Amino acid sequence: MNALSAALFWQFSCASYALPNIKELLLSLQDKHNKNINLCLLLLYLEQQKIQLTPIQVKALADLCSDIDAQTLLQHRQLRKHIKASYQRHPAYQSLRKQLLTSELALEKFQQQLLIEHLESDTLNHNNASNNLTFYLDEHHALALKQCFFATKT
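Just so it is clear, the structure is predicted and the values come from calculations on it, not from any experiment. (Residues numbered from 1 in each chain as written. Predicted model: local features only at pLDDT ≥ 70, side-chain atom pairs only at ≥ 80, totals over all residues. Heavy atoms only, no water.)

Colleague: Can you break down the nonpolar core residue by residue, with the values?
Modeller: If you look at the biggest cluster of nonpolar residues, it comprises 34 residues, and the most contacted ones within it are Leu 42, Leu 53 and Leu 145. With nine residues, helix H3 (residues 37-48) is the single largest residue contributor to this core. The residues touching Leu 42, leaving out its near neighbours within four places in the chain, are Phe 9, Leu 61, Leu 115, Ile 116 and Leu 119. (Core = buried A, V, L, I, M, F, W, Y, C linked by side-chain atoms within 4.5 Å. Buried < 20%, exposed > 50% of the residue type's maximum accessible area, 1.4 Å probe, protein only. Helix = DSSP H or I, 4+ residues; strand = E, 2+ residues; numbered from the N terminus. Contact = heavy atoms within 4.5 Å.)

Written as C-alpha cells, this is what we have:
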C-alpha cells in the first residue's frame, strides 16, 4: 500500500476543486449541510486510492474537522465575509481580500495535513469498491459528488 501524502492529497484537492460543478457542489454541502469540504475531498481521494475506512474512522475525521473548523476556519471565513460585506469600496479591500484568501488556503492545507497525519496512525484497508462518502454524506449527495467527480475522469 502506498503511504498517504499530504502533498499529493493537496494536489488532488486543487485539481478536483477545479473540475466542472465540483466547487459548486462542495460549497453547497458546506453552506447548506454543514459538511467539511476537506473531508469530502479526502474521502474521494481515499476511494480513488482504493482505501476503505470504517464508519468509526470517518466519524473521528469528521470530529477532527469540526474541532479545527471551530478553532480557526469558521472565524476566518466570518471575518472574510464581514470585510466583503462592509468594506468592498475601501481602497485596501482588494489587497486585504487577497491576503485573507491566501491565509484561508493555508489553513485549509493545514487541516488537510492534520487529517493525513491522523490517518497515518490508523489501520487502513484496501477495497476496490471503497465507498467512504456514504459514511459522511447522505446517499443522494454522495452519489452526486461521485458522479460529478468521475464524470470528468472518463
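Colleague: Before we move on, could you go through the packing of aromatic side chains and cite the residues and values that matter?
Modeller: Applying the stated rule across the entire model yields four aromatic pairs. For the pair Phe 12 and Phe 149, a centre-to-centre distance of 5.5 Å together with 55 degrees between the ring planes defines the contact as tilted. Of this pair, Phe 12 sits in helix H1 (residues 6-17) while Phe 149 sits in helix H6 (residues 139-151), and the two are 137 residues apart along the sequence. For Phe 12, a relative accessible area of 9% corresponds to the buried category. Phe 149 sits in the buried class, given a relative accessible area of 0%. Linked through ring pairs, Phe 9, Phe 12, Tyr 45, Phe 149 and Phe 150 together constitute an aromatic cluster. (Phe/Tyr/Trp six-rings, centres within 6.5 Å; stacked < 30°, edge-to-face > 60°.)

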